[in-house]
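What the coordinates show
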Amino acid sequence: MIKVKYFDIARFEPDMQFLSRLGYGKVYCVGRDVELAVRPGGARIPQIVASADQGVLFAALKDSNVIGIIFEGNEPIKKVVEKAKELGKPVFLPINVLIGQGQGARGHALGRLRKAAYACIKSGAQARIISLAETREQMISAGQMTGIADLILGQGEGHRIFGSLQLGAAT
Amino acid sequence: MIQRYKNRYVLVESSMPINTADRAAESEIMRSIESEMGRIGHLQANPRIVHQVNDSVFIVRTNRGYERHAVLALAFIKSFGGRGAGFYTIRISGTIRSLMDFCRKTYAKTAENVRKR
């Protein structure tokens, strides 16, 4: 089992010195360390499946190569969250919908993230925020991630969705 | 009784070189922060750029208790001078001295160029 303290998942390959300055223990790179897929299967590296379909997400959770799931549009499905809890797989909450948005769109995105985070916490599933940054400019530091986690759940509660992650045997 | 105002200092790294001695650049950063925090939040936090460590690293002073607001505001700023930019908060401290010690270790080569504004 792998335990990482502050981690993130990005779509580009940042240099290690930069990441250590930002305060991350590890940043997984999409394409190198993990694959972002719309359905499970057909990959040599661990997958994260992003979908809004209940059947696809159920199949993804049962696949040993899938390390976590993303609810497309951050709309949580209760049965899937309960299954994720049962199998010990995390639900990732991408915050790139918050960063770089106008203030109106940001309020809407924050509401949906909050709803998804509460659904996971309520049922005991692991929920973790990730940036999915496409460029260096879109990255944020670990301190800023903590601030955003506090913004989603309320002051002092951010540690529930940003902090250590336990990945199972898949990695 | 004379009350002493306590501040918090935030070490900020930007993705592009920024000369904060240039009034136009400084005011653009402040305008962006104010736009994210709102007028009241900006007045409460009262952020100011107090030191430039190197081309892309500077220190922002805020009122104690509002530093998290400034950190979040900086996270949401993604453009500067019409180009894409990122502002990363590296460390928060109660004194400039401890931030400068951290800078000497982290940015060893460029710490010699520290200039006080």
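Below is a summary of the structure that appears in this document. (Residues numbered from 1 in each chain as written. Chains lettered and ligands numbered in written order. Predicted model: local features only at pLDDT ≥ 70, side-chain atom pairs only at ≥ 80, totals over all residues. Heavy atoms only, no water.)

Check the secondary structure of chain B and you find three helices and seven strands. Listing each helix as α and each strand as β along chain B from the N terminus yields β-α-β-β-α-β-β-β-α-β. Along the three orthogonal principal directions, the C-alpha set of chain B runs to about 40 × 40 × 20 Å. Across chain B, every contact between residues at least 6 apart in sequence was considered, and the portion connecting residues at least 24 apart equals 68%. Of the roughly 6400 Å² that chain B leaves accessible, carbon and sulfur atoms contribute 47%. Across chain B, 20 positive and 10 negative side-chain charges occur, with their mean positions spaced 7 Å apart. (Helix = DSSP H or I, 4+ residues; strand = E, 2+ residues; numbered from the N terminus. Contact = heavy atoms within 4.5 Å. Areas by Shrake-Rupley, 256 points an atom, 1.4 Å probe, with all protein chains shown as cover. Lys, Arg positive; Asp, Glu negative; His and termini not counted. Charge placed at Lys NZ, Arg CZ, Asp CG, Glu CD.)

Now for the overall build of chain A. Along chain A, the regular secondary structure elements total five helices and nine strands. In chain A, the order of α-helices and β-strands from amino to carboxyl end is β-β-α-β-β-β-α-β-α-β-α-β-α-β. Relative to a compact globule of 171 residues, whose C-alpha radius of gyration would be 16 Å, chain A shows 15 Å and is just as compact. For chain A, the spread of C-alpha atoms along the principal axes amounts to about 35 × 30 × 25 Å. For chain A, the proportion of its 171 residues judged to be buried stands at 48%. Taking contacts inside chain A between residues at least 6 apart in sequence as the whole, the part at least 24 apart equals 53%. (Rg over C-alpha atoms; globule rule 2.2 N^0.38 Å. Buried < 20%, exposed > 50% of the residue type's maximum accessible area, 1.4 Å probe, protein only.)

The packing of two helices is summarised by the inter-axis angle and the distance between the axes. Residue and element names in this part refer to chain B. Where helix 1 (residues 23-45) meets helix 2 (residues 67-76), the axes come as close as 9 Å, and the angle between the chain directions of the two elements is 120°. Viewed along their axes, helix 1 and helix 2 adopt a mutual orientation that is oblique. In this structure, helix 1 crosses over helix 2, and the sense of that crossing is right-handed. Contact residues: Ile-33, Glu-36 and Met-37 in helix 1; His-69, Ala-70, Ala-73, Leu-74 and Phe-76 in helix 2. Within the contact of helix 1 with helix 2, the residues separate by chemical class into six nonpolar, one polar and one charged. (Axes fitted to C-alpha atoms, helices over the stretch in contact; angles between N-to-C directions. Parallel < 35°, antiparallel > 145°, perpendicular 65-115°, else oblique. Left-handed = near helix turned anticlockwise from the far one by under 90°. Nonpolar A, V, L, I, M, F, W, Y, C, P; charged D, E, K, R; others polar.)

Moving on to the pairing of strand 8 (residues 127-130) of chain A. Residue and element names in this part refer to chain A. Here strand 8 shows a buried face lined by Ala-127 and Ile-129 and a second buried face lined by Arg-128 and Ile-130. Where strand 7 (residues 91-94) meets strand 8, four bridges bridge the pair, whose relative direction is parallel. What sits directly across from Val-91, in strand 8, is Ala-127. (Pairing = 2+ DSSP bridges.)

Each pair of aromatic rings is reported with the distance of its centres and the angle of its planes. Overall, the coordinates contain six aromatic pairs over all chains when judged by the stated rule. Both rings, one in Phe-80 of chain B and one in Phe-87 of chain B, keep their centres 6.3 Å apart while their planes meet at 80°; by these two values the pair is edge-to-face. Judged by its relative accessible area of 10%, Phe-80 of chain B falls in the buried class. Classification of Phe-87 of chain B by relative accessible area gives buried; the value is 1%. Each residue in the set Phe-7, Tyr-28 and Phe-92 of chain A is aromatic and connected to the rest through ring pairs, giving one cluster. The lysine or arginine in question, Arg-106 of chain A, covers the ring of Phe-76 of chain B, its NZ or CZ lying 4.1 Å from the ring centre. The aromatic ring of Phe-18 of chain A is capped on one face by Arg-136 of chain A, whose charged end is 3.9 Å from the ring centroid. (Phe/Tyr/Trp six-rings, centres within 6.5 Å; stacked < 30°, edge-to-face > 60°. Lys NZ or Arg CZ within 6 Å of the ring centre and 35° of its normal.)

Keep in mind these values describe shape, not function.
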